[in-house]
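Residue-level listing of the chains:
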Amino acid sequence: MSVRDEIVKIAAEQVGYKEYSNNMTKYGEWYGLQGEWCDIFISWLASQVGILNTLIPKEAYVPTTATWYRNKGLLRDRNYTPSKGDLILFDYNHNKTPDHIGIVEYAEGNVIHTIEGNKSKMVKRQAYAVGNS
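Residues numbered from 1 in each chain as written. Predicted model: local features only at pLDDT ≥ 70, side-chain atom pairs only at ≥ 80, totals over all residues. Heavy atoms only, no water.

Visitor: Quick one: what's the story with the pairing of strand β2 (residues 100–108), residue by residue and with numbers?
Guide: Relative to β2, strand β1 (residues 87–90) runs antiparallel, the two sharing four bridges. The partner of Leu 87 across the bridge, within β2, is Ile 103. Summarising the sheet, β2 and strand β3 (residues 111–119) pair through five bridges and their orientation is antiparallel. Bridge pairing in β3 links Ala 107 to Ile 112. (Pairing = 2+ DSSP bridges. Helix = DSSP H or I, 4+ residues; strand = E, 2+ residues; numbered from the N terminus.)

Visitor: Any details on helix α3 (residues 38–48)? Residues and values, ideally.
Guide: Counting buried residues along α3, nine of its 11 residues qualify, which places the element largely inside the surrounding structure. Every buried residue belonging to α3 is among Cys 38, Asp 39, Ile 40, Phe 41, Ile 42, Ser 43, Trp 44, Leu 45 and Ala 46, and all of these are buried. Looking at the residues trailing α3, positive phi occurs at Gly 50, about 75°. (Buried < 20%, exposed > 50% of the residue type's maximum accessible area, 1.4 Å probe, protein only.)

Visitor: Account for the environment of Met 122, naming residues and giving values.
Guide: Its location among the elements puts Met 122 in strand β4 (residues 122–129). Separated by 14 residues in the primary sequence, Met 122 and Glu 108 place their C-alpha atoms 24 Å from one another. Beyond its immediate chain neighbours, meaning those up to four positions away, Met 122 contacts Gly 16, Tyr 17, Lys 18, Trp 37, Glu 116 and Gly 117. (Contact = heavy atoms within 4.5 Å.)

Visitor: Please set out the nonpolar core residue by residue, giving values where relevant.
Guide: Grouped together as the largest cluster of nonpolar side chains are 24 residues, with contacts concentrated most on Ile 7, Tyr 27, Phe 41, Leu 45 and Ile 103. The element best represented in this core is α3, accounting for seven residues. Counting six residues, the second largest nonpolar core, distinct from the first, contains Val 104, Ile 112, Tyr 128 and Val 130. (Core = buried A, V, L, I, M, F, W, Y, C linked by side-chain atoms within 4.5 Å.)

Rendered as structure tokens:
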């Protein structure tokens, strides 16, 4: 099984997990920091498959993760159709600073299917059109 398959499989196993109190999660316990946890969830996933700080940084702040990928020349624009296991950044405020992160479960046609931590206080599946902010 590829690393991409492994990380998506583990993410899928977490779907439905809910924070147990105001941004308190098992992922924050692992990280050593409780708070907004979408990026902490991604770091936790990376640790589960042995790619933490090699392919995915240990990070709790989405803009710092974006900078890490930008500095490596790996950041793509919103019209890129991602592959299974890619990370996806969201800019809800449209200010060119990402606010949220998830992992791509799969892309089908013009739709990207994701698994995201801290989406409505839980790990949740979502779907977006390619190009959506």
